[in-house]
Amino acid sequence: MTTPDPAPAATGVAAIVPAKDEADRIAATVAAVRAIPGVDLVVVVDDGSSDATAELAREAGAEVARHARNRGKAAAMTTGAAYVARHEGVEGGSPRPLLFVDGDLEASAANLGVLVPPVLEGRADMTIATLPPQKTAGGGRGFVVRLARKGIEDLTGFSAVQPLSGMRCISRPAFDAATPLARGWGVEVGLTVDVLLAGLRVEEVPCELHHRVSGKDWRGQVHRARQYRDVALALARRRARRGLR
Ligand SMILES: Nc1nc2c(ncn2[C@@H]2O[C@H](COP(=O)(O)OP(=O)(O)O)[C@@H](O)[C@H]2O)c(=O)[nH]1
Ligand SMILES: [Mg+2]
């Protein structure tokens, strides 16, 4: 008796861009992501935008999934992954890894190519981009970053340089290990913790990226407050699951 051959390894990745009101930046981001070697599908998930994000993404060559109403970043990522699963193009092969990309990176998104080979070649289960200092300073004092870093470290022993970075390439088994995703802005911390606790390998990779930095204005403050709430909730849930307080 012969054992069946394992499914051939995936040769491409599917990019997912969760986006809300990114009309100014989405076309440049999509164009840059489409040019990354190995990316064979770009799905923009328009999360109830009130601007032309969806149309501009489609014109730039992305496929678009829409939420009629805003449901948050994690829900958009889940919708994107389900879209990819429904349109899986690799006949009989392993499901493609997913490349998550924020919509506000514009041309610098092309530099995300470094995240792909470690996952496609099976050296890592999830790669995470770390960003260089940005051209403008952020408006926060790093409370959310420190909460996230310490929470991840306490649960897993892994010390993340940039625990909130949204740019990640992740194998499908690793993605499944983190499903259902932590809600809202807790999604990145949830992914890191769940993938590590599943015994899988996470690697941070420096990447030349530039995005819109949240400032000191009220929008920036509200964004950071929501992030703090969602990160704290994601960590609390995971501590509770392990019987920790
Ligand atoms: N799905 C979804 N994505 C959002 C929402 N708000 C922002 N985004 C996207 O999430 C990504 C990161 O948001 P951003 O404002 O750049 O946050 P920051 O990088 O943490 O300052 C971008 O692609 C945004 O378009 C939202 O309400 N829902
Ligand atoms: Mg950003």
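Residues numbered from 1 in each chain as written. Chains lettered and ligands numbered in written order. Predicted model: local features only at pLDDT ≥ 70, side-chain atom pairs only at ≥ 80, totals over all residues. Heavy atoms only, no water.

- Under the annotation held in an unreviewed UniProt entry, the protein chain carries the name Glucosyl-3-phosphoglycerate synthase and is attributed to Pedococcus aerophilus.
- Taken verbatim from the UniProt record of the protein chain, the Sequence similarities (unreviewed entry) comment is "Belongs to the glycosyltransferase 2 family." (UniProt positions renumbered as here; feature names shortened; annotations may be inferred.)

Points about the overall build of the protein chain
And then number 1: The number of helices and strands found in the protein chain is eight helices and seven strands.
And then number 2: Here the C-alpha radius of gyration of the protein chain, 17 Å, is about what a compact globule of 245 residues would show, namely 18 Å.
And then number 3: Across its three principal directions, the C-alpha atoms of the protein chain cover 65 × 50 × 35 Å.
And then number 4: Looking at the protein chain residue by residue over its 245 residues, the buried ones come to 49%.
And then number 5: In the protein chain, the share of contacts with a sequence separation of at least 24, taken over all contacts with a separation of at least 6, comes to 76%.
And then number 6: For the protein chain, the accessible surface area stands at approximately 12000 Å², while carbon and sulfur atoms represent 53% of it. (Helix = DSSP H or I, 4+ residues; strand = E, 2+ residues; numbered from the N terminus. Rg over C-alpha atoms; globule rule 2.2 N^0.38 Å. Buried < 20%, exposed > 50% of the residue type's maximum accessible area, 1.4 Å probe, protein only. Contact = heavy atoms within 4.5 Å. Areas by Shrake-Rupley, 256 points an atom, 1.4 Å probe, with all protein chains shown as cover.)

Brief notes about the sheet that holds strand β6 (residues 168-170)
Strand pairing in a sheet takes place through backbone hydrogen bonds and is either antiparallel or parallel in direction.
And then number 1: Here seven strands make up an open sheet; going across it, the order is β3-β2-β1-β4-β6-β5-β7 and the pairing mixed. With partners counted over all chains shown, the strands left at the sheet margins are β3 (63-67) and β7 (202-206), one partner each. Geometrically, the sheet is characterised by an average inter-axis angle of 20° between neighbouring strands, direction not taken into account.
And then number 2: Relative to β3, strand β2 (residues 39-47) runs parallel, the two sharing five bridges. Along β3, the bridge assignment pairs Asp 46 with Arg 66.
And then number 3: Contacting β5 (126-130), β6 and β7, helix α7 (residues 187-197) crosses the sheet at an angle of about 35° to β6. (Pairing = 2+ DSSP bridges. Axes fitted to C-alpha atoms, helices over the stretch in contact; angles between N-to-C directions.)

Some words on the site of ligand 1
And then number 1: Contacts to ligand 1 come from 18 residues, most closely from Pro 18, Glu 22, Asp 47, Gly 103 and Asp 104.
And then number 2: Contacts to ligand 1 include Gly 72, whose backbone N or O atom sits 3.4 Å from a nitrogen atom.
And then number 3: Here ligand 1, which alone exposes 570 Å², has 86% of that area covered by the protein.
And then number 4: Looking at the shell around ligand 1 residue by residue, the class counts come to four nonpolar, seven polar and seven charged. (Near = heavy atom within 4 Å. Polar contact = N/O pair within 3.5 Å; in protein donor to acceptor, adjacent residues only side chain to side chain. Nonpolar A, V, L, I, M, F, W, Y, C, P; charged D, E, K, R; others polar.)

Quick look at the coordination of the magnesium ion (ligand 2)
And then number 1: Protein coordination of the magnesium ion (ligand 2) is provided by Asp 104 (OD) and His 211 (ND1), with donor distances spanning 2.2 to 2.3 Å. Placement of Asp 104 in the loop between β4 (98-100) and α4 (116-120) and of His 211 in the loop between β7 and α8 (218-241) is noted, with a sequence separation of 107 residues between them.
And then number 2: Given the relative accessible area of 30%, His 211 is considered partly exposed. (Donors = N, O, S within 2.8 Å, 3.2 Å for Na, K, Ca; no water.)

Some points on the pairing of β5
And then number 1: Within β5, five of the five residues are buried, which leaves the element mostly enclosed by the surrounding structure.
And then number 2: Of the two faces of β5, the one lined by Met 126, Ile 128 and Thr 130 and the one lined by Thr 127 and Ala 129 are each fully buried.
And then number 3: Of the pairings in the sheet, the one linking β5 to β7 comprises five bridges and is parallel in character. Considered in β7, the bridge of Thr 127 is made with Glu 203.

Observations concerning the packing of helix α3 (residues 73-86) against α7
And then number 1: Packing of α3 against α7 leaves a shortest axis separation of 9 Å and a crossing angle of 60°. As far as their axial angle goes, α7 and α3 are oblique. Listed contacts from α7 to Lys 73, Ala 74 and Met 77 of α3 are Val 187, Glu 188 and Leu 191.
And then number 2: Looking at the contact of α3 with α7 residue by residue, the class counts come to four nonpolar, no polar and two charged. (Parallel < 35°, antiparallel > 145°, perpendicular 65-115°, else oblique.)

Brief notes about the state of the cysteines
And then number 1: In the structure shown here, the tally under the stated rule is zero disulfides.
And then number 2: Cys 169 takes part in no disulfide bond, and the closest cysteine sulfur to it belongs to Cys 207, at a distance of 11 Å.
And then number 3: In this structure Cys 169 comes out as buried when scored by relative accessible area, which is 0%. (Disulfide = S-S within 2.5 Å.)

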